[in-house]
Amino acid sequence: MNEKKECKIVQDLLPNYIENLTSIQTNEYIEEHIANCEECKKNLENMQKEIPTDTKVKSKKEVKYMKKYRNKMRILSFIILAIFFVFIGTTIRKAVILADLEQKAEETVKSTNYHMTIYSYDRGRAWVHEEFILKGKRKVKLVQYQEHGTSIVQSFIYQTEGGETKENIYMDSQGEKKAILGRTIDTQNEYVGAEMRPLRTENIIHLLCNAVITSVQSKLLNGTECYLVTNFKGLHTGNYGEGVYINKENGLVMGSAEYEVDYGDGIKRKIIGQEIEYEFGTVTEEDFVEPDISKYQIQK
C-alpha cells in the first residue's frame, strides 16, 4: 500500500483510536504504523494534547462520582441485607415464643381440675366470670355488677347417658329468678379453656403471619413474669384491649393490657379490661350443687 495512503487511513482512524472506539485489530494496525511513522506519531500526540482540560476534569469528576455512588450502593445494600436478616431473625424468635407458649397452655388446660376467675371492668361496670372444671363436668358462673343492681347467671353443663351435652341455666336479676333446664348444646368442650389460650392458631402459616405483625415484650404483671403480646389475631383472641399478658411458665393468659375509655365527660381514662386468676386441684363436687329449683320460674 502507498505510504501516504496508509498515513491518510491512520490519521482518519486516530480520533476513534483516542476515544477507544476502534477494534483490537485496528489498534494493532495503528500502533504498528505509528511506531514507524514520525508524522503520524506527532499527529497523535497533538490530538491528545488538544483534548480540552475541562473535559479531562469532568471525566475525573465523573469517575469519582461513580466510585462514590458504587460505595453508597454497597453500603445501602449491606444495610438492607442487615435489616432483612434482623427482620427474619426477629420473626422466627417471636414465632418460637408464641408456639412455645401455646404448647405450654395446651398442656396446662388438659388438667381435669381447675377453677378460673376472670375479672372484667368497663365504664362503671364489672363482671366476675368463673369456670369450674372437674372430670368432664363444667360450671360457668357470671356475676355482673351495675348501678341498678347485681345479676347472676349460672350454667351447669353435663352429659347424659346417651352422650348428649346438656346444660341447666339459673338466672337471678334484681330478685327475679328464672331457670332453663336440660337445654341441649352442640359440644361441651368447644370453648373450654379458650379464654386461657388466646394464642391458638390454625396452622404454621397462621402462626408465622402473626409473628410478623405481633409485638412480644417481657413484662411483669402482679409480680409474675409474662410476655405482653399485642396485635395477635388468633382463633380465640377475645376482648383483650391493647394486648394480653401471657404467663411465661405455663402459657396461660393473665390479663389484658391497659386501654383508654371515655366515660362521657370527655376525659379518657386508662383501665385494665381483664385480670385472670387460676387455681388447680381445688374444685370439688360441692361446687356443682345446683340452686334450689323451687325458688326459680322455669322457662321453656
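Preceding this paragraph is the structure being described.
Source: prediction; values computed, not measured.

### A short note on the overall build of the protein
Next, step 1: Secondary structure assignment for the protein yields five helices and 14 strands.
Next, step 2: Expressed as a percentage of the 300 residues in the protein, the buried residues total 34%.
Next, step 3: When contacts within the protein are restricted to residue pairs at least 6 apart in sequence, those whose partners lie at least 24 apart make up 47%.
Next, step 4: As presented, the protein carries roughly 19,500 Å² of accessible surface, and 52% of it is formed by carbon and sulfur atoms.

### Describing the pairing of strand β8 (residues 224–230)
Next, step 1: Most of β8 is tucked away, with five of its seven residues classed as buried.
Next, step 2: Here strand β7 (residues 215–221) runs beside β8; their pairing, made up of seven bridges, is antiparallel. Directly across from L220, in β8, lies its bridge partner E225.
Next, step 3: Taken together, β7 and the strand that follows it, β8, pair antiparallel across an intervening segment of two residues, in which N222 is found at a positive phi of about 55°.

### Observations concerning the environment of V229
Next, step 1: The residue V229 is located in strand β8 in this model.
Next, step 2: For V229, a relative accessible area of 1% puts it in the buried group.
Next, step 3: Setting aside anything within four residues of it in sequence, one finds V229 in contact with L98, L199, T214, S215, G243, V244 and I246.

### Focus: the packing of aromatic side chains
Next, step 1: In this structure the tally under the stated criterion is five aromatic pairs.
Next, step 2: Aromatic side chains Y114 and F280 sit 6.0 Å apart centroid to centroid with 50° between the ring planes, which places their arrangement in the tilted category. Taken as a pair, Y114 in strand β1 (residues 113–122) and F280 in strand β13 (residues 274–280) lie far apart in primary sequence, 166 residues in all.
Next, step 3: In this structure Y114 comes out as buried when scored by relative accessible area, which is 1%.
Next, step 4: We classify F280 as partly exposed; its relative accessible area is 36%.
Next, step 5: Clustering of aromatic rings is evident, with ring pairs tying together Y114, Y278 and F280.

### Quick notes on the nonpolar core
Next, step 1: Of all hydrophobic cores here, the largest spans 29 residues; its most connected members are L98, L199, V229, Y245, I246 and Y278.
Next, step 2: For this core, the secondary structure elements donating two or more residues are α4 (53–109), β1, α5 (204–213), β7, β8, β9 (244–247), β10 (253–256) and β13.
Next, step 3: Counting residues per element, this core draws most heavily on α4, at six residues.
Next, step 4: Not counting residues within four places of it along the chain, the set of residues in contact with Y245 comprises K219, L221, C226, Y227, L228, L252, V253, M254, G255, S256 and A257.
Next, step 5: Ranked by size, the runner-up nonpolar core spans nine residues in total, among them C7, L14, I30 and C37.

### Focus: the pattern of salt bridges
Next, step 1: All chains considered together, the criterion is met by seven salt bridges.
Next, step 2: The partner of K178 in a salt bridge is E176, and the shortest N-O contact between them spans 3.2 Å.
Next, step 3: Given the relative accessible area of 44%, E176 is considered partly exposed.

### Concerning a nonpolar patch on the surface
Next, step 1: On the surface, a cluster of nonpolar side chains totalling about 830 Å² of accessible area is made up of L81, F84, F85, F87, I88, I92, V96, V212 and I213.
Next, step 2: Of all the elements in the fold, those that place two or more residues in the nonpolar patch are α4 and α5.
Next, step 3: A per-element tally of the nonpolar patch places α4 first, with seven residues.
Next, step 4: By the element assignment, F84 lies in helix α4.

### Remarks on the side chain of E131
Next, step 1: Along the chain, the position of E131 falls in strand β2 (residues 125–134).
Next, step 2: Judged by its relative accessible area of 1%, E131 is buried.
Next, step 3: A polar contact is formed between the side chain of E131 and the side chain of R138, at a distance of 3.1 Å.

### Section: α5
Next, step 1: Listed in full, the buried residues belonging to α5 are H206, L207, N210 and A211. Mapping the buried residues of α5 onto a view down its axis gives an arc of 140°, with all of them on the same face. Within α5, the exposed residues directed more than 90 degrees away from the buried face are I204 and I205.
Next, step 2: Measuring from the backbone nitrogen of I205 back to the side-chain oxygen at the start of α5 gives 3.2 Å, which picks out N203 as the cap.

### Considering the pairing of β1
Next, step 1: Counted residue by residue, β1 has eight buried out of ten residues, so it is predominantly covered.
Next, step 2: Pairing of β1 with β2, which is carried by ten bridges, proceeds in the antiparallel orientation. The partner of H115 across the bridge, within β2, is F132.
Next, step 3: In terms of strand pairing, β1 meets β13 through seven bridges, oriented antiparallel. Within β13, the position partnered with H115 by the bridge is E279.

Rules behind the numbers
Residues numbered from 1 in each chain as written. Predicted model: local features only at pLDDT ≥ 70, side-chain atom pairs only at ≥ 80, totals over all residues. Heavy atoms only, no water. Helix = DSSP H or I, 4+ residues; strand = E, 2+ residues; numbered from the N terminus. Buried < 20%, exposed > 50% of the residue type's maximum accessible area, 1.4 Å probe, protein only. Contact = heavy atoms within 4.5 Å. Areas by Shrake-Rupley, 256 points an atom, 1.4 Å probe, with all protein chains shown as cover. Pairing = 2+ DSSP bridges. Phe/Tyr/Trp six-rings, centres within 6.5 Å; stacked < 30°, edge-to-face > 60°. Core = buried A, V, L, I, M, F, W, Y, C linked by side-chain atoms within 4.5 Å. Salt bridge = Lys/Arg side-chain N within 4 Å of Asp/Glu carboxyl O. Patch = residues over 30% accessible without salt bridge, like charges linked within 9 Å, V, L, I, M, F, W, Y side chains within 5 Å. Polar contact = N/O pair within 3.5 Å; in protein donor to acceptor, adjacent residues only side chain to side chain. Arc of directions from axis to C-beta.

Geometric descriptors of this kind do not, in isolation, establish any biological role.
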